[in-house]
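Reading the structure
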Amino acid sequence: MEMLRHTGWVSWVGLIASGPGEPISIGNISPVPQGAVSSLFSTPMLCSVHYLGFQLILLWILYALSGIPADNKAPFSLVNDTAPFAVQAEVTLKTNFFGTRNVCTELLPLIKPYGRVVNVSSMASNSALKGCSPELQQKFRSDTITEEELVQLMTKFVEDTKKNIHQKEGWPNTAYGVSKIGVTVLSRIQARLLNEQRKGDHILLNACCPGWVRTDMAGPKATKSPEEGAETPVYLALLPSSADAPHGQFVSDKTVRPW
């Protein structure tokens, strides 16, 4: 667990075990809904929590069976924030994209055969992608883009916002959307590398959108309950050992979406 302290955004790590159907509560985090995720609570979990700005970020590494299904979520958005857009961009990208990448860099090598990895992205990545210039869209949709090239693009977005030229450079005016482009494309890259380096291990890695869920971030008018929002991530985390798909896909409502 000491390793996780050096991933950039993780500041606290604890190991907990819960019985089947028991809700989990850490600090002032609301209990995890029972329903859709109760079957997961019979296994130990690693939980890491980092407080950044006003929102707690929760990472669950779910140990189950012979693999390590991971629901890797770094949800952060500066809602109604009055800080300069460049500040919002830097903080949001550092949390949602670079934080996710840091954790994956440390933990992906530990995933056992038949493990399932779920990076929680957002449909905002799709809409933000459509708002990018054709050149950027081509890069983000490329089947050969490398992780290093993706990092360079995410870094360029932050630097362009500081110069107030991001829209001129073909970026959409949404830091959250760009950060989730990064998570979705990172997942596609990671899945491709797993195919190249660990094909025989049958690990499945996907990005997903839980939907518009009633949380502090989305507000009370969102259309999904937390239980409903958990359905797609849990579905991907519990894909059977006989499954060979989806892999390297963006999934919402348990359906593969085009990228």
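Per an unreviewed UniProt entry, the protein carries the name Carbonyl reductase 1 and comes from Zosterops lateralis melanops. Annotation of the protein in UniProt includes, under Sequence similarities (unreviewed entry), the sentence "Belongs to the short-chain dehydrogenases/reductases (SDR) family."

Moving on to the overall build of the protein. When its secondary structure is counted, the protein shows 6 helices and 8 strands. Residues counted as buried form 52% of the 259 residues belonging to the protein. A fraction of 65% describes how many contacts in the protein between residues 6 or more apart in sequence connect residues 24 or more apart. In the structure as shown, the protein presents an accessible area of about 12300 Å², 54% of it carried by carbon and sulfur atoms.

Where helix α3 (residues 134–141) meets helix α4 (residues 147–162), the closest approach of the two axes is 11 Å, and the angle between their N-to-C directions is 145 degrees. Judged by the twist between their axes, the crossing of α3 over α4 is left-handed. Contacts from Leu136, Lys139 and Phe140 of α3 reach α4 at Leu150, Leu153 and Met154. Grouping the constituent residues of the contact of α3 with α4 by class yields 5 nonpolar, no polar and 1 charged.

Before going further, it helps to spend a moment on the pairing of strand β5 (residues 116–120). Regular strands place side chains that alternate from one sheet face to the opposite one. Most of β5 is tucked away, with 5 of its 5 residues classed as buried. A two-sided burial pattern is seen for β5, the buried positions comprising Arg116, Val118 and Val120 on one face and Val117 and Asn119 on the other.

What counts as what
Residues numbered from 1 in each chain as written. Predicted model: local features only at pLDDT ≥ 70, side-chain atom pairs only at ≥ 80, totals over all residues. Heavy atoms only, no water. UniProt positions renumbered as here; feature names shortened; annotations may be inferred. Helix = DSSP H or I, 4+ residues; strand = E, 2+ residues; numbered from the N terminus. Buried < 20%, exposed > 50% of the residue type's maximum accessible area, 1.4 Å probe, protein only. Contact = heavy atoms within 4.5 Å. Areas by Shrake-Rupley, 256 points an atom, 1.4 Å probe, with all protein chains shown as cover. Axes fitted to C-alpha atoms, helices over the stretch in contact; angles between N-to-C directions. Left-handed = near helix turned anticlockwise from the far one by under 90°. Nonpolar A, V, L, I, M, F, W, Y, C, P; charged D, E, K, R; others polar.

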